[in-house]
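# Summary of the model geometry
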Amino acid sequence: MSDVLTGADGVIRCAWAGGDVEYQRYHDEEWGTTLRGDRPLFEKLSLEGFQAGLAWITILRKRPRFREVFHGFEPSVVAAFGPDDIDRLLQDAGIIRHRGKIEAAIGNAGIVAGMAEGEFDELMWSFAPVRHAPPTTFAEVPAVTPESTAMSKELRRRGFRFVGPTTMYALMQSSGMVDDHVAGCWRAVA
């Protein structure tokens, strides 16, 4: 399989974006684009946690409902969720109904809500590695890095859950802390 693919629209993208319109939009507009702010990064952390063990396209398709039932991923609101909210979420087929992931999102929200404004953003971006040339092939793209391992370790130390090093590297990619668009993709930065 080639590492880049020309879409029906004539645009050359990373091959993982395939022919799915939602995946292509995500690739073109979000993945590898700088994302800043406590709330947006908390949303990304939560969705990456829900994605663990699943395909990202599943999360993208369910993201509107996630945003609705998690009240825009506003940490202070999510942190106040109780047992009735957990039961409600476990019954909602529009999201990933995994008790551990739901409870982790709520617990993680409490940690973020307890931080000073901007502190979570600063913490997350403190692990961003120095930018590098785009990978030539997907084989060069790691699943885990020393930075994602350090991020995971610090978040776990603070009590966060569903923040393993592979999940944190995916967050780094999706939030633009690293840019792994492969050479030849229109989004790859030389």
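For the structure given in this document, a descriptive report is provided here. (Residues numbered from 1 in each chain as written. Predicted model: local features only at pLDDT ≥ 70, side-chain atom pairs only at ≥ 80, totals over all residues. Heavy atoms only, no water.)

## Quick look at the packing of aromatic side chains
Under the criterion given, the structure shown has eleven aromatic pairs. Ring centres of Trp 16 and Trp 31 lie 4.9 Å apart, and the angle between their planes is 70 degrees; on these two criteria the pair is classed as edge-to-face. A residue pair is termed long-range when its members are at least 10 positions apart, and Trp 16 in the loop between β2 (12–14) and α1 (21–29) and Trp 31 in the loop between α1 and α2 (38–51) qualify at 15 residues. By relative accessible area, Trp 31 is classed as buried at 9%. Seen from their ring centres, Phe 50 and Phe 66 are 4.7 Å apart, and the 50 degrees between their planes marks the pair as tilted. One end of the pair, Phe 50, is in helix α2; the other, Phe 66, is in helix α3 (residues 56–69), with 16 residues separating them in the sequence. In this structure, Phe 50 and Phe 66 share a single accessibility class: buried. Pairwise contacts between aromatic rings join Phe 42, Phe 50, Phe 66, Phe 70, Phe 73 and Phe 81 into one cluster. Directly above the ring of Trp 186 sits Arg 187, whose terminal nitrogen or CZ lies 5.9 Å from the centroid. (Phe/Tyr/Trp six-rings, centres within 6.5 Å; stacked < 30°, edge-to-face > 60°. Helix = DSSP H or I, 4+ residues; strand = E, 2+ residues; numbered from the N terminus. Buried < 20%, exposed > 50% of the residue type's maximum accessible area, 1.4 Å probe, protein only. Lys NZ or Arg CZ within 6 Å of the ring centre and 35° of its normal.)

## Here we look at α3
A rise of 1.5 Å per residue sets the reference length of α3, with its 14 residues, at 20 Å; its end C-alpha atoms lie 19 Å apart and thus fit the reference within 8%. At Lys 62, α3 shows its maximal kink, close to 55 degrees; a proline, Pro 64, follows between one and four residues later. Among the residues of α3, those classed as buried are Trp 56, Ile 57, Ile 59, Leu 60, Arg 63, Phe 66 and Val 69. Lining the buried residues of α3 we find α1, α2 and α5 (83–90). Backbone geometry just downstream of α3 places His 71 in the positive-phi region, at approximately 50 degrees. (Expected span 1.5 Å × (residues − 1). Bend = angle between axes of the 7 residues up to and from the residue. Contact = heavy atoms within 4.5 Å.)

## With respect to the pattern of salt bridges
Opposite charge on two side chains makes pairing possible when the charged atoms of those side chains draw close. Taken as a whole, this structure holds 17 salt bridges when the rule is applied. Across the pair Arg 65 and Glu 68 runs a salt bridge, and its minimum N-O distance is 2.9 Å. With Arg 65 and Glu 68 both in helix α3, this residue pair falls three residues apart, about one helical turn. Taking the relative accessible area as the measure of exposure, Arg 65 reaches 30% and is therefore partly exposed. (Salt bridge = Lys/Arg side-chain N within 4 Å of Asp/Glu carboxyl O.)

## Section: the nonpolar core
Ranked by internal contacts, the top residues of the largest apolar core, which has 44 residues, are Leu 45, Phe 66, Phe 70, Phe 120, Met 124 and Leu 155. Contributing elements (two or more residues each) for this core: α1, α2, α3, α5, α6 (99–113), α7 (119–125), α8 (146–157) and α9 (165–174). Among the elements that take part in this core, α3 stands out by supplying six residues, more than any other. Aside from chain neighbours lying at most four places away, what touches Phe 66 is Leu 47, Phe 50, Ile 59, Phe 73, Ile 95 and Ile 96. (Core = buried A, V, L, I, M, F, W, Y, C linked by side-chain atoms within 4.5 Å.)

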